[in-house]
Amino acid sequence: MPDPLVVVNCKTYSTASGAAAEALAVQMMSLETSARMVLSVSPLDLAPVIAAAPDLEVWTQHLDPVGHGSNTGRIQPETAISRGAAGSLINHAERKVSLGHVDELLAMVPTGFEVCACAADASEAMALAHLAPPMIAVEPPSLIGGNVSVTKADPSAVSDSVDAVRSIDDGIRVLCGAGVKTGEDVAAAVDLGASGVLLASGVTKARDTQAVLLDLVSML
Ligand code: G3P
């Protein structure tokens, strides 16, 4: 089985933007773990974060399926890739898009570029699975930013999504997120069939980020 993923989404937290994002990236890059660590940053931070932590896998948080030209304010995939993005979230609960947007994006990005499409529940995960993204992350919106992990509050949202996606395409890796904060939560996610976790506040609001990162991977 491939190594479990721990994807940290910086969102727009001040503790994970600009110089703080660079420092977090260095901490994640230096972690001794078998887990696949990924930092999902603002597109504004892609180049400096990658310069600071060249061996870390860095994603952006959103992309628009547009080419070069008259597309003011859009995040253009080729430009993000040229700045070092190895992947992107799409359709995050805080940045919803249409299924068509996801489909067009998938058609534009090169093979090997990771696209992690977010879903609120098993039924959205199933709809996304028909588009065959490399990854799907299930995150019940009501649990995002909270203190109880989805793996405890709604474990069936995780296992049902894993089953639903597998029934369509067992090559898609399913992550889970919302309230994930500890190594126990990560282990529970893996036990429920997930390939890893997507989290934010557990890291971005931590007093001791290093201790949280170590704990997150401690049971893998
Ligand atoms: O993308 C991660 C996410 O929305 C979960 O956030 O703060 O509950 O870990 P959080």
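Above this text is the structure in question.
Residues numbered from 1 in each chain as written. Predicted model: local features only at pLDDT ≥ 70, side-chain atom pairs only at ≥ 80, totals over all residues. Heavy atoms only, no water.

Enquirer: Can you tell me about the nonpolar core, naming the residues and giving the values?
Expert: Membership of the largest hydrophobic core comes to 58 residues, with the highest contact counts inside it found for Leu 24, Met 37 and Leu 39. Ranked by residue count, the leading element in this core is helix α1 (residues 19-30), at four residues. Beyond its immediate stretch of four places on either side in the chain, Leu 39 contacts Val 8, Cys 10, Ala 21, Leu 24, Ala 25, Met 28, Val 49, Leu 56, Glu 57, Val 58 and Trp 59. Val 7, Cys 116, Ala 137 and Leu 175 belong to the second largest nonpolar core, which has eleven residues in total. (Core = buried A, V, L, I, M, F, W, Y, C linked by side-chain atoms within 4.5 Å. Buried < 20%, exposed > 50% of the residue type's maximum accessible area, 1.4 Å probe, protein only. Helix = DSSP H or I, 4+ residues; strand = E, 2+ residues; numbered from the N terminus. Contact = heavy atoms within 4.5 Å.)

Enquirer: Go over the pattern of salt bridges with me, naming the residues and quoting the values.
Expert: For the structure shown, the criterion picks out five salt bridges. Notably, a salt bridge pairs Arg 36 with Glu 114, separated by 2.8 Å at the nearest N-O pair. Placement of Arg 36 in strand β2 (residues 36-41) and of Glu 114 in strand β5 (residues 114-119) is noted, with a sequence separation of 78 residues between them. Exposure remark for Glu 114: the relative accessible area of 15% places this residue in the buried category. Linked through salt bridges whose partners overlap, the residues forming this network are Arg 36, Glu 57 and Glu 114. (Salt bridge = Lys/Arg side-chain N within 4 Å of Asp/Glu carboxyl O.)

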